[in-house]
Amino acid sequence: YVASNGDWRGIEMSVGKMKARLVEKKRLESGFWWFDLEFEKEFEFEAGQYISVKVNEKGDRRAYSIATAPGGKRVGLLVDLSPGGIGSQFFEKLEVGETVEILGPLGRFVIEDQASLGLLFVATGSGVAPLRSMIEDLLKNKRFAGEVKLVWGLRFEKDVFWMKEFEEL
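Undergrad: Summarise the side chain of Glu136; cite the residues concerned and give the values.
TA: Along the chain, Glu136 falls in helix H2 (residues 129–141). Of the residues examined, Glu136 reaches a relative accessible area of 14% and is grouped as buried. Every residue in contact with Glu136, bar those within four places of it in the chain, is listed here: Ala67, Thr68, Ala69, Asn141 and Leu169.

Undergrad: I'd love a proper account of the packing of aromatic side chains, names of residues and values included.
TA: Under the defined criterion, the tally for this structure stands at twelve aromatic pairs. Between Phe39 and Phe43, the aromatic rings sit 4.4 Å apart at their centres with planes inclined by 10 degrees, giving stacked as the arrangement. When sorted by exposure, Phe39 lands in the same class as Phe43, which is buried. Ring pairs connect the aromatic residues Phe32, Trp34, Trp152, Phe161, Trp162 and Phe166, which therefore count as one cluster. It is Lys25 that lies over the ring of Trp33; its NZ or CZ is 5.6 Å from the centre. Taking NZ or CZ as reference, Arg132 lies 4.4 Å from the ring centre of Trp162, over its face.

Undergrad: Give a description of the pattern of salt bridges that names residues and reports values.
TA: Summed over all chains, the structure comprises 15 salt bridges. With its nearest N and O atoms 2.9 Å apart, the salt bridge here joins Arg108 to Glu46. Of this pair, Arg108 sits in the loop between strand E6 (99–106) and strand E7 (118–124) while Glu46 sits in the loop between strand E2 (32–38) and strand E3 (50–54), and the two are 62 residues apart along the sequence. Looking at Arg108, the relative accessible area reads 53%, which means it is exposed. With its nearest N and O atoms 3.7 Å apart, the salt bridge here joins Lys140 to Glu136. Separated by four residues within a single helix, Lys140 and Glu136 lie in helix H2, roughly one turn from each other. Each of Arg21, Asp36, Glu38 and Arg74 takes part in one network of salt bridges that share partners.

Quick notes on the rules
- Residues numbered from 1 in each chain as written.
- Predicted model: local features only at pLDDT ≥ 70, side-chain atom pairs only at ≥ 80, totals over all residues.
- Heavy atoms only, no water.
- Helix = DSSP H or I, 4+ residues; strand = E, 2+ residues; numbered from the N terminus.
- Buried < 20%, exposed > 50% of the residue type's maximum accessible area, 1.4 Å probe, protein only.
- Contact = heavy atoms within 4.5 Å.
- Phe/Tyr/Trp six-rings, centres within 6.5 Å; stacked < 30°, edge-to-face > 60°.
- Lys NZ or Arg CZ within 6 Å of the ring centre and 35° of its normal.
- Salt bridge = Lys/Arg side-chain N within 4 Å of Asp/Glu carboxyl O.

Honestly, that's just the spatial picture; any functional story needs more than this.
Dropping the structure here:
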């Protein structure tokens, strides 16, 4: 829950407010960057959920879908820095070893029933992040045996990344 005025205080009581350390920052293609965050203990979430990151000292927050499968102390974020907003500026300046304050996990964009014969995922740009988490979780952790298809659009072919990884999955 987030109040219409953007106040996150109420939600801090129902989800974890914690610190994570940036352990990897890598440019993928175009304005897309990979950020690998590590927590002190295992971070429990469901594939498809997101975290809210504090992006300045005023307390402004931005939401980022978790792009890795559940399990372990690390979560990966796919961030498009090209918009240049306060979230983009925060991540652009963030250096390996620094910590970030997050709230999470949040959201219910999760697969409730995987008993179907097949699943179709559709995304554009960085919207592939929660789908990557779901697909990896289904195929690696849950051993889903049905057919999985991903339709992912990017503006330019040169901007495509993760193709080999998706093909291997």
